[in-house]
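What the coordinates show
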Amino acid sequence: MNVLVLNVGSATLKFQVVVTDNDRIMHDQDVKLLRGQIERIGGESVITLRGNDGSTRKRTAPLRDMRSAVDWLVGYITDPESGTGLTARGDIHAVGHRVVHGGEQFRASVLVDESVLQGIEDNVELAPLHNPHNLRGIEATRKALGSGVPQVAVFDTAFHHTLPEHAYLYAIPYPLYRRHKIRRYGFHGTSHRSIAYRFRKITDRERSDVRIVTLHLGNGCSACAIRGGVSIDTSMGFTPLEGLVMGTRSGDIDAALLDYIAAKEGLSLSQVEAMLNSQSGLLGISGLTNDMRDLLAEANELQDRRARLAIEIFCYRARKYVGAYLAALGGADAVVFAGGVGENSAQIRARICDGLEWAGLRVDAAANESLVGGREGRFSAEGSSMEAWVVPTDEELLIARDTFRVVSGAPLPS
Ligand code: ADP
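Basis of the calculations
- Residues numbered from 1 in each chain as written.
- Predicted model: local features only at pLDDT ≥ 70, side-chain atom pairs only at ≥ 80, totals over all residues.
- Heavy atoms only, no water.
- UniProt positions renumbered as here; feature names shortened; annotations may be inferred.
- Core = buried A, V, L, I, M, F, W, Y, C linked by side-chain atoms within 4.5 Å.
- Buried < 20%, exposed > 50% of the residue type's maximum accessible area, 1.4 Å probe, protein only.
- Helix = DSSP H or I, 4+ residues; strand = E, 2+ residues; numbered from the N terminus.
- Pairing = 2+ DSSP bridges.
- Contact = heavy atoms within 4.5 Å.
- Axes fitted to C-alpha atoms, helices over the stretch in contact; angles between N-to-C directions.
- Near = heavy atom within 4 Å.
- Polar contact = N/O pair within 3.5 Å; in protein donor to acceptor, adjacent residues only side chain to side chain.
- Areas by Shrake-Rupley, 256 points an atom, 1.4 Å probe, with all protein chains shown as cover.
- Nonpolar A, V, L, I, M, F, W, Y, C, P; charged D, E, K, R; others polar.
- Parallel < 35°, antiparallel > 145°, perpendicular 65-115°, else oblique.
- Left-handed = near helix turned anticlockwise from the far one by under 90°.
- Phe/Tyr/Trp six-rings, centres within 6.5 Å; stacked < 30°, edge-to-face > 60°.

- You'll find the protein chain entered in an unreviewed UniProt entry as Acetate kinase, with Gemmatimonas phototrophica given as the organism.
- Its UniProt record gives the protein chain a comment under Subcellular location (unreviewed entry), which states: "Cytoplasm".

In structure tokens form, the structure reads like this:
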């Protein structure tokens, strides 16, 4: 089945074309025909295209809205120049969408119909910055491909539906949960699920046997405690603001600070919230950048004090979460790193693991250094009783596989 995977943002569209089916899933032989992104939709859009031969092309086109962007993309995919081998719109058999918030209602990937659209709409209040764009993407795709092409919604929150009450409830008056659904939802679920699945596969472990802490460290960062294939706790909460230090987000913070900062700085509460989301984290501490690679260069080469501090706080907080989740899980087989930082920075991985010897984790420095640029593997030392791994996340592949399964009626594994 040829699946178009779409991740729609406010002015960006990330995409992949993946060929998958039962056999390919079983033998890990799914094929990625094309991937890329369209940025600055609404103006002179910048299009980046990567073929499966590794080639990269850049284009610009005036794409006034998401509808024009999806139309352009479908036209390109079915053009011989794209190299996909797909020649007609009918060659795109299904479309899988990343949808950020499924609320309490969506516990797995689903075929989009009117009631699902309404359900995503109902959750707009919980994710006002994301769900409206996801809906727009589904609508644009329906117009571009016709309603005969099945579309599947894969939710960022769904993997965390297994959190027990004691992990998802905040210690605030209980009626707030009943009245307004205020609780921990967790995000990055597709990523944590992808990492956990791949870890089981490469280590040949049974689903029921596995206890791991996964760390998705990118621009957004989250930790997840996984036992028996299901999420039992995760660091992002009602919104993606909670938990680890991120590129521009503060992560955990004393809630009383919102009012205090507002009063001291003469800001409204929503301005303070915006500050915590987009001016904090690595950027806020360093005053330089939210980009970990640049920050490491500042810290290592220029000895910038605040760059070093930002990195120190980032690693310390991640290590604290690992410790907390080891307690939640009653110990773990492994800590597994993914995301742009987790997959590429041996230095950050080493610093997070440094001080976890008490938990039986010893790092093999050379193995750690060798795992960059999408390589997967173990970097804990031989005989270390808890392991450390890099397992690159592949959310798009999981979305493509879920789309195939939902459309063909195959069961959905977690
Ligand atoms: P997003 O959350 O937006 O998907 P990514 O997972 O792509 O982000 O991660 C982006 C982050 O990964 C950036 O902070 C970037 O600097 C960092 N990163 C990428 N390569 C490296 C590297 N070699 N060393 C350190 N950080 C890196």
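Next comes the rest of the account.
**Here's the deal with the nonpolar core**
- Formed by 44 residues in total, the largest nonpolar core has its most connected members in L217, F314 and I348.
- Looking at this core, the element that brings in the most residues is helix α12 (residues 305-329), giving 11 residues.
- I47, L63, A144 and V149 belong to the second largest nonpolar core, which has 29 residues in total.

**Description of the sheet that holds strand β11 (residues 230-234)**
- Spatially, the six strands line up as an open sheet ordered β11-β10-β9-β12-β14-β13, and their pairing is mixed. Only two strands of the sheet have a single partner each, and these edge strands are β11 and β13 (377-378).
- Sheet topology places β13 next to strand β14 (residues 387-390); two bridges connect them, and they run antiparallel. Along β14, the bridge assignment pairs R378 with W389.
- With respect to the sheet, helix α14 (residues 346-353) is in contact with β9 (211-217), β12 (334-338) and β14, its orientation differing from that of β12 by roughly 150 degrees.

**Here's the deal with the site of the ligand**
- The immediate surroundings of the ligand are formed by 13 residues, with N219, D291, M292, R293 and G340 found nearest.
- G220 places a main-chain nitrogen or oxygen 3.4 Å from an oxygen atom of the ligand.
- A distance of 3.3 Å is found between an oxygen atom of the ligand and a backbone nitrogen or oxygen belonging to V341.
- Protein coverage of the free-state accessible area of the ligand, which is 580 Å², stands at 69%.
- Put simply, the parts of the chain that give the shell around the ligand at least two residues each are α11 (292-301) and α13 (339-344).
- Considered class by class, the residues forming the shell around the ligand number three nonpolar, eight polar and two charged.

**Structural notes on the packing of α11 against α12**
- For the pair α11 and α12, the least separation of the axes is 8 Å and the interaxial angle reads 125 degrees. Taken together, the axes of α11 and α12 lie oblique to each other. Seen along the crossing, α11 lies across α12 with a hand that is left-handed. Contacts between α11 and α12 pair M292, L295, L296, E298 and A299 from the former with A307, R308, A310, I311 and F314 from the latter.

**Structural notes on the packing of aromatic side chains**
- Evaluated as defined, the whole model comprises eight aromatic pairs.
- When the centroid spacing of 5.9 Å and the interplanar angle of 50 degrees are considered together, the rings of Y168 and Y177 count as tilted. Taken individually, Y168 and Y177 each receive the classification buried, so the pair is uniform in this respect.
- Between the aromatic rings of F199 and W389, the centroid separation amounts to 5.6 Å while the plane-to-plane angle is 85 degrees, which identifies the pairing as edge-to-face. Of this pair, F199 sits in helix α7 (residues 189-203) while W389 is found in strand β14, placing the two residues 190 residues apart along the sequence.

**A word on the UniProt feature "coiled-coil region" (unreviewed entry) in the protein chain**
- UniProt's entry tags residues 285-312 with the feature "coiled-coil region" (unreviewed entry), counted in the numbering of this structure.
- Taken end to end, residues 285-312 has its terminal C-alpha atoms 10 Å apart, with 71% of it in helix and 0% in strand.

**Re the UniProt feature "active site" (unreviewed entry) in the protein chain**
- Per the UniProt record, "active site" (unreviewed entry) is found at D156.
- By the element assignment, D156 lies in the loop between β8 (151-155) and α5 (165-168).
- Non-local contacts of D156, meaning those with residues more than four positions away in its chain, are made with R98, V99, V100, G186, F187, H188, G189, T190 and E395.
- For D156, the side chain forms a polar contact with the side chain of R98, separated by 2.7 Å.

**As for the environment of E298**
- Structurally, the position occupied by E298 is in helix α11.
- Here the alpha-carbon distance between E298 and R308, two residues 10 residues apart in the chain, equals 8.1 Å.
- Excluding its chain neighbours within four sequence positions, the residues that come into contact with E298 are L288, Q303, D304 and A307.

**Notes on the environment of V372**
- Inspection of the secondary structure assignment puts V372 in the loop between α15 (365-370) and β13.
- Residue classification places V372 among the partly exposed positions, given a relative accessible area of 37%.
- Residues V372 and P80, spaced 292 residues apart in sequence, show a C-alpha to C-alpha distance of 34 Å.
- Leave out the neighbours within four places in its chain, and V372 touches E343 and N344.

**Details of the sheet that holds strand β4 (residues 44-51)**
- Across the sheet, eight strands lie side by side as β5-β4-β3-β2-β1-β6-β8-β7; this open sheet has mixed pairing. With one partner strand each, in any of the chains shown, β5 (56-62) and β7 (110-111) form the two edges of the open sheet.
- With two bridges joining them, β7 and β8 adopt antiparallel strand pairing. Bridged to L111 within β8 is V152.
- The strands touched by helix α2 (residues 66-77) within the sheet are β1 (2-8), β2 (13-19), β3 (31-39), β4 and β5, with β2 carrying the most contacts at an inclination of about 30 degrees.

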